[in-house]
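Chain by chain, the residues run as shown.
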Amino acid sequence: MKRMTGPTSPIAQLRWPGWRHLPRETRDTLFLLGVIAWVIAPHALHLPAWCVALALVMLLVRATLALGHRPMPPRWLTTLVLVGALGATYLSHGTLVGKDAGVTLVVVLMSLKTMELRARRDAFVVFFLGFFLVLTHFLYSQSLLLAASMLVAVWALLTAVVLAHMPVGHPSLAAAARLALRMCLFGAPVMFALFVLFPRFGPLWGLPEDATSGRTGLGNSMRMGSVAELALDDGVAMRVRFLGAAPPPEALYFRGPVLAAFDGREWRPLRESPWEPAQRVPAALQVQGRGWAYELPLAPTKVAVIPTLEATPQLPAFDELQPRRRADLQWVLPRPLMERHRVEAVAYLRFRHGPREPVLGLQDYLQLPPGYNPRTLAWAAALRRDPRYARADADTLARAVLAHIRRGGFSYTLSPGLYGDAEGRHAIDEFWLDRKAGFCEHFAAAFVVVMRALDVPARIVTGYQGAERNPLDGYYLVRHSHAHAWAEYWQRGRGWVRADPTAAVAPDRIEHAFALRPAPGLVQSALQAVNAQFWLDLRHRWEALNNAWNQWVLNYSRGRQLDLLRRIGFQAPDWRDLALLLIGLVVAASTAAAAWAWWDRQRQDPWVRRYQRVRRRLGRHGLQTPPHTPPRTLAALALEHWGEAARPLAQALIELEAQRYAPSSARLGSKKTAASLLSRWAGAFRSASTLAGPPEEQLLQALAKLPPLGRPVRGSASQCPAPATVDDRPGAPRRSR
């Protein structure tokens, strides 16, 4: 019984026939759609979800239309989608201009434009939108992984451009990709010259406000739990390289913002002191012992504070920025960094700072907000009433408070939960007397509140403690998980004294720089269970590679450009010298390119050059022919001019023509062998033509001495098919052989 067949279903029509069996237009369209998806994918991290979904749907629909050879949707439909996307963009960003809204609209336009791929000009619009979209990624990140991804995207886009310039035939993707790679390699020297010499007027990529959106992990304020949230991030906050031996881990305190103003919920830096200069708290820094030289690469920050190793008495100026050391030993800048820099400094682990005798300015470090944490204040008052501490100095009171932390049942945890009431009041009371579980900022804040309640000036210092050495490049990695908060109290005769309450409850955190990390997820646990050391080594290799990218690419600032000019002989270089040097290189490169183009127009392929040499030699014997005369015509003219005496010459010219135009099976061996035989024949003809005697006699002697060019070509000279007249003049286009 014959099985009935019906119309092919839409699903059957979309059956994948195999990449090699796709029609040219379908294959190129699918390749371009894949490239667009690759370019858009990294933006999914910061685009609205609706934009990512819209782009994905548009690309899938366009791929379905290409596979099914279906017509494009009507223009009114794409216009309607565009209007809806404009409204969604405005609702998402509150504007249609700016970085985020602009990138969203470019992604929308790119995905919608694929619905109009009807002609080559539409494809070129998509290409250039793709190149522009590649640039927009660097407004958000300049990481090595993103740069490598965008390099692949540029290569793929150039491959699509090459395919668009090959409208005839069915060129393979591999051939187009190789040609695109050659184009990239040819452009690499230009890219390198622009990177090295183009004057930098700000960040390497991005708008000026983008630079300030980078973070060191620290802010100018602290709430209970803010440092714990930061410590959940295991990313690299900064890198340090010691120029010699490195200090022990417990001594690596990188000083950031100093917080002394407390409103009951949040700690902030003190404002300008209202006291007379003589009564303000001075820095009075005195360093002792050995200095530790180190190098600190600085990234763009959102705060104008440089986290330096305690205590760093001096920092060099870089570019137009002059770091300033405040009285609380913070190193601050006139504004947040907008580009990367690298500074070298010396730190001293043994130091004293602050006034040795009381000044009125110390009262700023005794202030507590009224009505907050009454139970903690009562606890401090009870401690002060103890006869042992009634007249105790600040050192004794600090030891007593730290002993209470050590023996009072406190625990160190990354997830202590929220403290205080709905408005955040009395958080210190709940931590100090009830739950007793917290991270470093809980202990530091409670310590400072208790010390102030004991009438001892105290403040909070935020920064980083500890670092992780990468054995591959020698850099110490300071991670966000190393974020830390500690305290300082004032002791008469000594000045400010560091007190780290975290060391009392979690000594390993300080002594060995063991940062507290959250429990690993399922995938991370499985990988570590297989081979933890392998993944650690792999991580070190990646971070070393990423550090090299930061040092040699992202840290290549205006200062390093000017240092390069000084090394090549400029006395006091500025951006004008960079521009002049760049213009000089452009002129030199243009001159070299023009010379190469002239030389390329003048050169001939070997076959044409040797044939023209033979033709000119015959012209000296009286056989004048135009430059474009083909060998077969020249052979006929020679027979007509000299008769049977020119038969060897005519046969040689026919064989010469066969070497150029006959099918490959009729040619003499390889191209290299044929070229060698032709060179020998032309040389023999030239040497024979120099024999003494009348011209006719010279010619006959030359013909007699001609060696055979090779094995006989199939068919006689008269039977060889005559090719179309070919222009073999020096300037004529060359043909592939």
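Refer to the structure presented above.
Quick notes on the rules
- Residues numbered from 1 in each chain as written.
- Predicted model: local features only at pLDDT ≥ 70, side-chain atom pairs only at ≥ 80, totals over all residues.
- Heavy atoms only, no water.
- Salt bridge = Lys/Arg side-chain N within 4 Å of Asp/Glu carboxyl O.
- Helix = DSSP H or I, 4+ residues; strand = E, 2+ residues; numbered from the N terminus.
- Buried < 20%, exposed > 50% of the residue type's maximum accessible area, 1.4 Å probe, protein only.
- Patch = residues over 30% accessible without salt bridge, like charges linked within 9 Å, V, L, I, M, F, W, Y side chains within 5 Å.
- Areas by Shrake-Rupley, 256 points an atom, 1.4 Å probe, with all protein chains shown as cover.
- Lys, Arg positive; Asp, Glu negative; His and termini not counted.
- Charge placed at Lys NZ, Arg CZ, Asp CG, Glu CD.
- Pairing = 2+ DSSP bridges.
- Core = buried A, V, L, I, M, F, W, Y, C linked by side-chain atoms within 4.5 Å.
- Contact = heavy atoms within 4.5 Å.
- Axes fitted to C-alpha atoms, helices over the stretch in contact; angles between N-to-C directions.

A. The arrangement of the pattern of salt bridges in detail. All chains considered together, the criterion is met by 20 salt bridges. Between Glu266 and Arg223 there is a salt bridge, with the nearest N and O atoms lying 3.7 Å from each other. With Glu266 in strand E5 (residues 266-268) and Arg223 in strand E1 (residues 222-223), this residue pair connects regions lying 43 residues apart in the sequence. On the accessibility criterion, Arg223 (44% relative accessible area) is partly exposed. Where Arg268 meets Glu266, a salt bridge forms, and the shortest distance between an N and an O atom there is 3.0 Å. Taking the relative accessible area as the measure of exposure, Arg268 reaches 41% and is therefore partly exposed.

B. Quick look at a positive patch on the surface. Residues Arg609, Arg613, Arg616 and Arg620 make up a contiguous surface patch of positive charge. Along the chain, the position of Arg613 falls in helix H20 (residues 606-620).

C. Up close: the sheet that holds strand E16 (residues 476-479). Strand order in this open sheet of five strands is E11-E6-E2-E16-E15, and the pairing throughout is antiparallel. Across the chains shown, the open sheet's two edge strands, defined by having one partner strand only, are strand E11 (341-352) and strand E15 (468-469). Judged from the two bridges that link them, strand E2 (residues 236-242) and strand E6 (residues 286-298) form a sheet pairing that is antiparallel. Along E6, the bridge assignment pairs Phe242 with Tyr294.

D. Summary view of the nonpolar core. In terms of nonpolar packing, the biggest core is built from 76 residues, with Trp267, Phe447, Met451, Leu454 and Tyr489 touching the most fellow members. Apart from residues no more than four positions distant in its own chain, Met451 is found in contact with Ala394, Leu397, Ala398, Val401, Val456, Ala458 and Tyr489. If you look at the next biggest cluster of nonpolar residues, it comprises 52 residues, including Cys51, Met110, Val126 and Leu146.

E. Examining the sheet that holds strand E14 (residues 458-465) more closely. Read across the sheet, five strands follow the order E8-E3-E14-E17-E18 without closing on themselves; strand pairing throughout is antiparallel. Every interior strand has two partners, whereas the edge strands, strand E8 (308-309) and strand E18 (495-499), have only one. Here strand E3 (residues 253-259) runs beside E14; their pairing, made up of five bridges, is antiparallel. If you follow Leu259 over to E14, its bridge partner there is Ile460. Of the strands in this sheet, E14, strand E17 (483-491) and E18 are in contact with helix H14 (residues 440-453), which crosses E17 at around 15 degrees.

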